[in-house]
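Notes for the structure review
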Amino acid sequence: MPYFKSNARPAPEPVIWDELKAHSEGLGGGMLDVTELDATKNDGYLIKGCPAYLDFSTKVAHVIKAATVVTGGTTSAPRVEKNHLYKVGDFVYVSGDAVTINAINTDNTAYDVLTLSAACTGATAGAILVQALAAGATPAAKYAANVILGNKVKIVAGVTVDCIYKVDQWVEKARILHPISAATISALNPNIILK
């Protein structure tokens, strides 16, 4: 007998681009690297349009993590919107040294608080926390986006994701529910133009 959940409606799938104008990477997409993700975030799903880096040689897709800072926190304990994918141990930066996420408080329904190993220069309201390759001075982003996910996908080991590498129309950034940094917008251009 099927199981039905009463009084619950699934979240609508966002219409981000015309499917006929999207070009997906052939040969079956990419295998999602779930080792870097927390399957409890966002109800265990990545939403369509999430930026990613697809390693074309290994066919492994790595999600581009980011978080939007909101008002009320400090640079060593910034408040961020709930739709981030960070977990404890990740490295983040805005405009200065990269620091480590030591703890994440999810108690508030409106935002999360990231406890950082040190103050993060530029982590003020409206800024985007970018994932770094390592902690320290002159940080580099861990991955540079070259695709966006073509569908909603559950964060489980062994899942294959549809990777869109080109869209023949500009894409409205506000329709993508994951936070996106200026560096990611630049990395996707000109194949995927986000406005």
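First, a word on what this report is: a plain description of the structure on this page. (Residues numbered from 1 in each chain as written. Predicted model: local features only at pLDDT ≥ 70, side-chain atom pairs only at ≥ 80, totals over all residues. Heavy atoms only, no water.)

Re the environment of Asn 102
Relative to the helices and strands, Asn 102 resides in strand E9 (residues 99-105). Residue Asn 102 is classed as partly exposed on the basis of its relative accessible area of 45%. Linking Asn 102 and Val 60, residues 42 residues apart in sequence, is a C-alpha distance of 27 Å. Ignoring sequence-local partners within four residues, the contact set of Asn 102 consists of Val 88, Thr 115, Leu 116 and Ser 117. (Helix = DSSP H or I, 4+ residues; strand = E, 2+ residues; numbered from the N terminus. Buried < 20%, exposed > 50% of the residue type's maximum accessible area, 1.4 Å probe, protein only. Contact = heavy atoms within 4.5 Å.)

Re the pattern of salt bridges
Under the criterion given, the structure shown has eight salt bridges. Glu 36 is the salt-bridge partner of Lys 142, the closest N and O atoms lying 3.0 Å from each other. Of the two residues, Lys 142 sits in the loop between strand E11 (128-132) and strand E12 (147-149) while Glu 36 sits in the loop between strand E2 (30-32) and strand E3 (45-46), which places them 106 residues apart along the sequence. Here Arg 175 ties to Glu 172 by a salt bridge, and the two come within 3.0 Å at their closest N and O atoms. (Salt bridge = Lys/Arg side-chain N within 4 Å of Asp/Glu carboxyl O.)

A short note on the state of the cysteines
In the structure shown here, the tally under the stated rule is zero disulfides. The thiol sulfur of Cys 50 is not disulfide-bonded, and the nearest other cysteine sulfur, from Cys 163, lies at 10 Å. (Disulfide = S-S within 2.5 Å.)

Quick word on the environment of His 62
Residue placement: His 62 occurs in strand E5 (residues 60-63). In this structure, His 62 is in contact with Asp 33, Glu 36, Ala 52, Tyr 53 and Tyr 143, ignoring residues within four places of it in sequence. A distance of 3.2 Å separates a polar atom in the side chain of His 62 from a polar atom in the side chain of Tyr 143. (Polar contact = N/O pair within 3.5 Å; in protein donor to acceptor, adjacent residues only side chain to side chain.)

Some remarks on the nonpolar core
Residues Leu 32, Leu 37, Leu 46, Val 63, Leu 149 and Val 161 are the most contacted members of the largest nonpolar core, which totals 16 residues. At the level of secondary structure, the elements contributing two or more residues to this core comprise strand E4 (51-55), E5 and E12. In terms of nonpolar packing, the next biggest core, distinct from the first, is built from 15 residues, Ile 148, Val 167, Leu 188 and Leu 194 among them. (Core = buried A, V, L, I, M, F, W, Y, C linked by side-chain atoms within 4.5 Å.)

All quantities given are derived from atomic positions and should not be read as evidence of function.
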